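# Descriptive structure summary
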Protein chains: 2
Amino acid sequence: MDSARTASPKRPTVVIIGSGFGGLFAARALAKDDVDVVLIAKTSHHLFQPLLYQVATGILSQGEIAPSTREVLAKQKNATVVLGEVTAIDVTAQTVTASLVGEQFTQPYDYLIVAAGAAQSWFGHDEFAEYAPGMKSIDDALELRGRIFGAFELAEVAAKEGRHDEVGPLMTFVVVGAGPTGVEMAGQLVELSNRTLRRDFRHISPADAKIILADAAPSVLGSFHPKLQDATKKSLEKLGVDVRLEAMVTGVDERGITVRRKAADGTTTDERIEAVTKVWAAGVAASPLAKQLADQVGVQVDRAGRIPVQPDLTLVGHPEIHVVGDMMTLDKLPGVAQVAIQGARHSAKEIRRHLKGEPTGATFTYFDKGSMATISRFRAIAEIGSIRLTGFIAWLAWLAVHLVYIIGFKSRLTSLISWAVSFIGRGRAERTITEQQVFGRQAIERLAEIEASAAKRAGTDAA
Amino acid sequence: MDSARTASPKRPTVVIIGSGFGGLFAARALAKDDVDVVLIAKTSHHLFQPLLYQVATGILSQGEIAPSTREVLAKQKNATVVLGEVTAIDVTAQTVTASLVGEQFTQPYDYLIVAAGAAQSWFGHDEFAEYAPGMKSIDDALELRGRIFGAFELAEVAAKEGRHDEVGPLMTFVVVGAGPTGVEMAGQLVELSNRTLRRDFRHISPADAKIILADAAPSVLGSFHPKLQDATKKSLEKLGVDVRLEAMVTGVDERGITVRRKAADGTTTDERIEAVTKVWAAGVAASPLAKQLADQVGVQVDRAGRIPVQPDLTLVGHPEIHVVGDMMTLDKLPGVAQVAIQGARHSAKEIRRHLKGEPTGATFTYFDKGSMATISRFRAIAEIGSIRLTGFIAWLAWLAVHLVYIIGFKSRLTSLISWAVSFIGRGRAERTITEQQVFGRQAIERLAEIEASAAKRAGTDAA
C-alpha cells in the first residue's frame, strides 16, 4: 500500500509549481501513486485566499489562513516540498529552474503540473501599487492591516493637534474593485469603524469613517445574477458604504484617487476623492510563467496573461504538461478556487492513467458548486446553480463551507473558536502594526530601484 | 463617581510615556482620579514581552501577546492614547515632544510618568544586530520567526542540491545570552527541531539541528539561586542544548559567530561557530530619554543608560516627574515586569496624594513575587522568596501565572486554547514567513544608510 517505499530507479517525477489550491490539491491527489511528487513554491505556506481580507482587517492571524505547506504534506511520503521561485521552464529538456535567495537549482520532471496562479494587476498602472496595495498575499494583508489601523491612529493625532483638514482624508477608505474581495473588504471596513473601533478614540469618531467601493463596471459582483447584485448593492448602501459604479480609476497618489464617471448622456467627468488608504481588489494577471510556456509551445496568452490549454488541461503538443487554476484559460472558466482544485484532480487522474498505459486526453468538465460572498456579519449572498440565497441563510451557507474547509486543513478547533469570537463579538485580536509592515515593502522597492540605477550607471561608466 | 465627566478647566494632565508594563499599569492605576491621562507610545500595542519567544517560534500570533493599548484602555474615559515616539522632554517648560510619521506635536504635562523601557543592547557592537537580531519587539520576533523557519527551508534545498557543506551552518542556531529569554528560546528551538518539524522534511533531519546557548557569565540564569542555575543547565543539556558558559561573543557575521572562551588557567581561546541563525538575548540599554532627562536634572546614567531616581521614583528636584521600570536604576532592582508594574502603581498613588494635598515622597518598596523561566514543555524553574521549584511543578506555577495575566488583558478564551494546543501538541499554528519579515528591516536600514550618505555628499557638494 505504501507506494513510497517501493521506489524503483525508473519511478517518474511529477513536478508541481505552486502551493495554492491547484498545487496543493494536485499533490494530495497523487498521494497513493507510484511517483515522486516535488512541489516547488515561492512561499512556504498554502494561502486560503478567500479569507485574506480577514487578516487585513484584524480578525484572523496570518497562521490561521496560511498553514505551512510542508506541514500539510508532512505525512504524504511521496511528496517533497521545496521552497523556491520558479524562474524558467524548459519544455524540451523537461526541467524547471528555481531560485532561492540567489541560489539556482534545476529540477527535471516527467510530468509537470503548473499552478503558479495569478498576481494582482493594476491594469498597466503599476505605479498605483505603492498607494493602493493589492490583496493577494499575506504580505499584502499585513501591509493593509498596518495602513488601515494606522490611518485611524494618524487621524486621532491630527484631530488632537487641530489639523482638522487631514482628518477627512485619513478617515476615508477607498476599495477599488467590486468583486467578492472588494465587497467583503468594504463590509469589513464598516464593521471595523462602526463596531470594533467605535469607543477606542477620543478625538475622532471612527463611525464617521467614509468607505467607498469603486468599480468601472455598472454593477457589483459582476459574475453573479443581477438579483444578487442588486441585493448586495442595497445591503452595502444600508451599511453606509458609498458604492460608486461606472467609476474607472484613472489616478492614484498618496493623498487620494481620481475616478472617471460616466453620466447617463455618455459624457465623463473626473472626480477626485481625498483618501489616504486605498485597497486594490480589481484585476489579476497570470504568473509570467504562462507567457514563458506560451512562447515555447507557440500559443498566445490572453489579456490577463493566461495561457490557453487543451480541453484536457495540457499544453498543445505537450501531454506531459498540465496547467491548472488562475494561470490558464479554457471555456471562460472563472478564476476561483474550485476550478483550480477540480483541475488539479483532473490532471492527477490523467497522469495516473498515463502511468497505467490507459488512454488519456479526457476533457476537463467543471462542476460549479456555486459561489458566495459575505457582506457583513450575518449577511451574505450565494448562488448555487439556479438557487439564489441572500441575507442570514446565505451567511450560514458561507460559514458552513468555510468552516469545513478550514477544519480540513488546520484540524484546529482554536482557529474556529477565534474566528467565531471575533466574527460575532466586537473585538479584533490581531491589530498589531509592525514597522516592517508599514515601511518594509516601500524600502525593498526603493532599494531595488537604487540598485538597478546603480547597475545601469556602472554599465554606462564601463562603456 | 465618573470623574471623567466632571472635567474642570484646571484638571491636571498626567502624561505617561510608554505602553509597556509601567505605562499601561500607571494609566490603569489613575482610572478613578480626576486627571486627564495622556499615554504616548511608539507602538499601538502593549507587548507582553515574556512570551515574545513564543511568537518567534511560531506558537502564538502577534495579536495574542500584543493587545491594542487603545482597546485595553477604551473604557477608561479619562485616558487618551496617542501614537507617537517621544523625542524630547523639557522639564522646565513641562512639555513632551513626540513625532509620528514626520509630524511633531507637543504635549504639556502637570505630572509625568516616564516608562519608555529599554531596548536591546549589543554592548557597543551595533553591527552585530544585522546578523543577530534582538528579542524586544514584535518586529524582532517576526523577523526571527522568518529566519528560524527559513533556515530549515534553505537547509532542505541545500541538502537536496548536494551542497552539503551549507547544511551544517544552516542547521546551527546560536542563542546569545543565558537569561530567562535566552533559556526559553533555546528550549523552544529544541522543541521545534525535535518535535514540530521532525517529519516535515525529506532531505534533512531537523532533529539533527544544533542549538547552542552562549553566555560570557559562568552560569545560566545569573539572577537565580545557584541550585536553580545548575538544574536549568542540566535540563538544557539533557534536551540537547550545547551550553557554553564563560564564552564571550567577540564577532558576529552572516555565516557565524566567534566566542572567546576562558580556560581554567585563565588563558583565552577564540572559537568560531558556523551558524547562519543567531538570536541576541543578551543585554539591554535604557531608552535614550533617560540620558536626556539625566542631563537636564544633573545626574549621571549608569552603564546600561538608566537614570538614577529618588527613593520615591521621582527625579531629583522634580517631584512631578516619575520614572518607572527598565529605564531607571534604584537599589539594584531587577529589570522585570513586576518592578515596572509596582513602580507605576506607586507613582500613581503619589500623584493622587499630591492632588489631595497630602504629603508625598513615600519610599517605593518592591515586593518580590518571585521569578520563573520555562525550559521546555512541562519543565520550568521558579524562585519565590526562599522557595525554589523545578520541573513539572514549576512549570505549572509558570503556566498559572501567565494564564492569569493573559486572561486579565485579553479576556479571550481562544488565546488560551490556542496556546494550550500548541504547547501540549506538536503543531505550530504560526509558521508564516513574510517577505517583509525577511527582507524588510535590512532594506529599511540599508536605505537609511544610502540616504545618510547622499545627504552627506550633498552637504559636501554645497560646501
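Residues numbered from 1 in each chain as written. Chains lettered and ligands numbered in written order. Predicted model: local features only at pLDDT ≥ 70, side-chain atom pairs only at ≥ 80, totals over all residues. Heavy atoms only, no water.

## Remarks on the sheet that holds strand β11 (residues 242–244) of chain B
Hydrogen bonds between backbone atoms are what pair the strands of a sheet, whose relative direction is either parallel or antiparallel. Residue and element names in this part refer to chain B. Definition in use: By definition, two strands form a pair when at least two bridges between them are found by DSSP. In this description a helix means any DSSP run of H or I spanning at least four residues, a strand means any run of E spanning at least two, and both kinds are numbered starting from the N terminus. Axis lines are fitted to C-alpha atoms, over the contacting stretch for helices. Their N-to-C directions set the angle, which ranges from 0 to 180 degrees.
With respect to topology, four strands assemble into an open sheet ordered β11-β10-β9-β15, the strand pairing being parallel. Only two strands of the sheet have a single partner each, and these edge strands are β11 and β15 (277–280). Averaged over all adjacent pairs, the angle separating strand axes in this sheet is 15 degrees, with direction ignored. As paired strands, strand β9 (residues 172–176) and β15 are joined by four bridges and run parallel to one another. For Val-175, the partnering residue across the bridge sits in β15 and is Val-279.

## Looking at the sheet that holds strand β4 (residues 85–90) of chain A
All names here are of chain A. Pairing in this open sheet of three strands is antiparallel, and the strands run β4-β5-β6 from one edge to the other. Every other strand in the sheet has two partners, leaving β4 and β6 (103–108) as the edge strands with one partner each. Direction aside, the axes of adjacent strands within the sheet are offset by 25 degrees on average. Pairing between strand β5 (residues 95–100) and β6: six bridges, direction antiparallel. Paired with Thr-97 across the strands is Thr-106, a residue of β6.

## Brief notes about the nonpolar core
Going by this rule: The nonpolar core is taken to be a set of buried Ala, Val, Leu, Ile, Met, Phe, Trp, Tyr and Cys residues, with the residues joined through side-chain atoms within 4.5 Å. Exposure categories follow from relative accessible area, calculated using a 1.4 Å probe and restricted to protein chains: below 20% of the type maximum is buried, above 50% is exposed, and the middle band is partly exposed. The start and end points of each domain follow an automatic or database-based domain assignment.
Among the nonpolar cores identified, the biggest contains 123 residues, and Ile-89 and Ile-307 of chain B are the most heavily contacted of them. Examining the composition of this core, we find that 11 residues originate from one element, helix α5 (residues 138–160) of chain B, more than from any other. Here this core spans two domains, since at least three of its residues come from each of domain 1 (13–42 + 84–121 + 284–355) and domain 2 (126–282 + 370–424) of chain B. Membership of the second largest hydrophobic core comes to 122 residues, among which are Val-38, Ile-148, Phe-149 and Phe-152 of chain A.

## Side note on unusual backbone geometry
All names here are of chain B. One non-glycine residue with positive phi stands out, namely Val-101, at about 45 degrees. One can find Val-101 in the loop between β5 (95–100) and β6 (103–108). Owing to a relative accessible area of 60%, Val-101 belongs among the exposed residues under this scheme. Unlike most non-glycine residues, Leu-221 shows phi in positive territory, near 45 degrees.

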